[in-house]
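Chains, contacts and geometry: an overview
Spelled out, the chains give:
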Amino acid sequence: MAIATINPATGELLKTFEPLNDAQIAQKLDLAQQAFEKYHKTLFGERSVWMQSCADILEQEKEDFAKIMTLEMGKPFKAAIAEVEKCAVVCRYYAEHAAQFLADVTVTTDASHSFIKYQPLGVILAVMPWNFPFWQVFRFAAPALMAGNVGLLKHASNVPQCALAIEEIIQRAGFPKGVFQTLLIGASKVTDLMTDERIKAATLTGSEPAGISLATAAGKQIKKTVLELGGSDPFIVLESADLEAAVATATTARMLNNGQSCIAAKRFIVVETIADKFEKLLLEKFQALKIGDPMQSETDLGPLATPDILKDLDQQVQAGVKSGAKVLTGGHPLSDRPGNFYPPTILTDISPENPVAQEEFFGPVAMLFRVPNIDAAIKLANATPFGLGASAWTTNSQERDRLIEEIEAGSVFINGMVKSDPRLPFGGIKRSGYGRELSIQGIHEFVNVKTVWVK
Ligand code: NAP
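Residues numbered from 1 in each chain as written. Predicted model: local features only at pLDDT ≥ 70, side-chain atom pairs only at ≥ 80, totals over all residues. Heavy atoms only, no water.

The next point concerns the overall build of the protein chain. Within the protein chain, the regular secondary structure consists of 14 helices and 18 strands. Across its three principal directions, the C-alpha atoms of the protein chain cover 65 × 60 × 40 Å. When burial is assessed residue by residue, the protein chain has 56% of its 455 residues classed as buried. The contacts of the protein chain with a sequence gap of at least 6 include a subset with a gap of at least 24, amounting to 72%. For the protein chain, the accessible area works out to roughly 18800 Å², and carbon and sulfur atoms hold 54% of it. Within the protein chain, one finds 44 positive and 52 negative side-chain charges whose respective centroids are separated by 4 Å. (Helix = DSSP H or I, 4+ residues; strand = E, 2+ residues; numbered from the N terminus. Buried < 20%, exposed > 50% of the residue type's maximum accessible area, 1.4 Å probe, protein only. Contact = heavy atoms within 4.5 Å. Areas by Shrake-Rupley, 256 points an atom, 1.4 Å probe, with all protein chains shown as cover. Lys, Arg positive; Asp, Glu negative; His and termini not counted. Charge placed at Lys NZ, Arg CZ, Asp CG, Glu CD.)

Structure follows, in structure tokens:
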């Protein structure tokens, strides 16, 4: 895939970028390693000042950064602004908490003094997706840099200007040269990078094939990885739920980021007794959404990020229909305009044998399932290869406890939408990946947990 900015709302090619050649990549690796040798000796207090300064820049120039995101990947401008603000929050969170999260921990043993010491690993490679082009990077960079690591970013090829803007923010904030660099390279270069001894570990957010490829390369070198992959999150609605609130949240949760979020609610699992009403209300909400230019403040749903995503989503819907699914609304790309527009779509009557029941729809397509009771709801929720998040709606405390206990996912949200929060760990199980980002768990992923024992 060429490294380029193509406006997904118009299809217009705005700018292309020459990928780095091998000599340029080698120079950046050298610089990263040299930077680490000094940077890991800096104090938490110094790193914290630079990280707070990142947050200041993000907040002061949020509209400029939001415009780059919307231009390159099509998210509604108001959502892009919220994303920049959230990046500032994660920078401040780790600026304030890193020293405490990484403080020595004394453990009483037969030694005169034994303790756990956390030390940075070195150069960490981050392979990141386009869908939250600022947030995904800052949620890696804030803890990694506060821990004393240095970062190399291989961002998705369709968001090069976001990638360069992030590198510049971190530089301007005062971090020493080389502590965070963007590598404008294609995906095919990643495997080779993992064999370079200066790269000590890697994190990837993206698709399963990309995760498998990176983890295989890293595994051959015995290097640690964190993988944040796809999801097909269930959204369970039981009889006692506040139906209006559930439907409103269901709509927001499915349409977030033009339907292209790993933790979007994708499978709506509703008990029979309230299913007709839920379906009617959801249909009304979906049909009321305003599709259009993502730069306009009234737009709810912008274009998909690339023509390939549009094509894949369309083929997936057609395959689902061929296997018996019914289309309640939407179901075809919008051909009346340029750009990668796909309408809000609801699929029903999806049998367990329908292949799409096991797949992730990375666009504004909701799958609606009817179940007789909570047992069937939990069974269906768990019947996918994924295990990222889950949202479940009930006011019955026994049901709530069962949902928390029995759903197979990295997170369960009761009567609310699955979302990431710097204070809470984030990540998946099963084929959604492994490792955690955010919170104390996130900063502990890329450190040497050193045991110290003194007689
Ligand atoms: P993708 O194609 O896997 O791209 C993600 C990143 O991986 C890009 O930088 C891409 O580079 C790179 N890449 C692609 N193939 C690779 C390979 N074989 N080896 C190494 N790197 C490779 O993912 P996407 O389709 O853009 O993103 C959608 C997927 O990401 C969905 O499944 C979504 O659920 C998941 N996702 C998960 C999370 C989470 O936190 N769990 C968050 C967001 C998205 P190029 O752009 O150069 O190809």
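Here helix H5 (residues 135-146) spans 16 Å end to end across 12 residues, near enough to the 16 Å set by a 1.5 Å rise per residue. Of all 12 residues in H5, 12 are buried, a share of seventy percent or more. Listed as buried for H5 are Trp135, Gln136, Val137, Phe138, Arg139, Phe140, Ala141, Ala142, Pro143, Ala144, Leu145 and Met146. Downstream of H5 by one or two residues, Gly148 has phi in the positive range, about 100 degrees. (Expected span 1.5 Å × (residues − 1).)

A few words on the sheet that holds strand S4 (residues 113-120). The strand order S3-S4-S18 describes an open sheet built from three strands, whose pairing is antiparallel. Edge positions in the open sheet fall to strand S3 (105-106) and strand S18 (447-454), since each of these has one partner strand only. Where S3 lies against S4, two bridges are found, and the strand directions are antiparallel. By the bridge assignment for S4, Thr106 is matched with Phe115. (Pairing = 2+ DSSP bridges.)

Quick look at the layout of surface pockets now. Approximately 1100 Å³ is the volume found for the largest pocket. Together, 37 residues line the largest pocket, and Pro129, Trp130, Gly206, Ser207 and Ala210 are the ones closest to its centre. Those elements that place two or more of their residues in the lining of the largest pocket are helix H7 (190-194), strand S8 (199-205), helix H8 (208-220) and helix H11 (307-322). At five residues, the largest contribution of residues to the lining of the largest pocket is made by H11. Together, 19 residues line the second largest pocket, and Lys86, Phe132, Trp135, Leu256 and Ser420 are the ones closest to its centre. Ranked by the residues each element gives to the lining of the second largest pocket, the list is headed by helix H4 (residues 77-101), at four residues. Among the residues making up the lining of the second largest pocket, the classes are represented as 10 nonpolar, four polar and five charged. Two domains each provide a minimum of three residues to the lining of the second largest pocket, namely domain 1 (4-229 + 432-454) and domain 2 (233-421). (1 Å grid on protein atoms, 1.4 Å probe; cavity = no way out; pocket = protein on both sides within 12 Å on 5 of 7 lines; lining within 4 Å. Points joined across faces, edges and corners; volume = space filled by probe spheres on them. Nonpolar A, V, L, I, M, F, W, Y, C, P; charged D, E, K, R; others polar. Domains from an automatic or database assignment.)

What follows concerns the packing of helix H9 (residues 243-255) against helix H10 (residues 272-288). In helix packing, the relevant descriptors are the interaxial angle and the interaxial distance, both defined with respect to the helix axes. Close contact between H9 and H10 brings their axes to 10 Å; oriented N to C, the two are set at 50 degrees. Regarding the angle of H9 to H10, the classification is oblique. You can see that H9 and H10 cross each other, and the crossing is right-handed. Residues Leu243, Glu244, Val247, Ala248, Ala250, Thr251, Arg254 and Met255 of H9 touch H10, and the partners they reach there are Ile274, Lys277, Phe278, Leu281, Leu282, Lys285 and Phe286. Its residues assigned to classes, the contact of H9 with H10 comprises 10 nonpolar, one polar and four charged. (Axes fitted to C-alpha atoms, helices over the stretch in contact; angles between N-to-C directions. Parallel < 35°, antiparallel > 145°, perpendicular 65-115°, else oblique. Left-handed = near helix turned anticlockwise from the far one by under 90°.)

Another point: the site of the ligand. Neighbouring the ligand are 26 residues; Trp130, Ser157, Ser207, Leu229 and Glu360 lie closest to it. Between the ligand and the protein, one listed contact pairs an oxygen atom with a backbone N or O atom of Gly206 at 3.1 Å. In isolation the ligand has 900 Å² of accessible area, and contact with the protein removes 85% of it. Counting atoms within 2 Å of the grid points, the majority share of the ligand lands in the largest pocket. (Near = heavy atom within 4 Å. Polar contact = N/O pair within 3.5 Å; in protein donor to acceptor, adjacent residues only side chain to side chain. Sits in = over half its atoms within 2 Å of the grid points.)

For the protein chain, the domain assignment lists domain 1 (4-229 + 432-454) and domain 2 (233-421). One C-alpha centre belongs to domain 1, the other to domain 2; they are set 30 Å apart. With 25 residues of domain 1 in contact, the opposing surface of domain 2 contributes 29 residues. Taken together, both faces of the contact between domain 1 and domain 2 bury some 2000 Å²; the carbon and sulfur share is 57%. Applying the counting rule to domain 1 against domain 2 returns zero salt bridges. Remark: the boundary between domain 1 and domain 2 carries 12 residue pairs in polar contact (both at pLDDT 80 or more). By residue number, the principal contributor to the side of domain 1 that touches domain 2 is helix H3 (residues 62-73), which donates four residues. Considered class by class, the residues forming the side of domain 1 that touches domain 2 number 11 nonpolar, seven polar and seven charged. (Buried area = accessible area lost by both parts, 1.4 Å probe. Salt bridge = Lys/Arg side-chain N within 4 Å of Asp/Glu carboxyl O.)

It is worth spelling out the sheet that holds strand S5 (residues 123-127) at this point. Note: strands within a sheet are paired through backbone hydrogen bonds, in either parallel or antiparallel orientation. Spatially, the six strands line up as an open sheet ordered S7-S6-S5-S8-S9-S17, and their pairing is mixed. The two strands at the open ends of the sheet, each matched to only one other strand, are strand S7 (180-182) and strand S17 (433-434). Relative to S7, strand S6 (residues 150-154) runs parallel, the two being bridged by three bridges. Looking across to S7, one finds that Leu153 is bridged to Thr182.

Looking now at the packing of aromatic side chains. In this structure the tally under the stated criterion is 11 aromatic pairs. Consider the rings of Tyr94 and Phe101, whose centres lie 6.4 Å apart with planes at 70 degrees: the pair is edge-to-face. As far as the burial class goes, Tyr94 and Phe101 line up, both buried. By way of ring pairs, the aromatic residues Tyr39, Trp50 and Phe175 are connected into one cluster. Seen from the ring of Trp135, Lys86 lies directly overhead, with NZ or CZ sitting 4.6 Å from the centre. (Phe/Tyr/Trp six-rings, centres within 6.5 Å; stacked < 30°, edge-to-face > 60°. Lys NZ or Arg CZ within 6 Å of the ring centre and 35° of its normal.)

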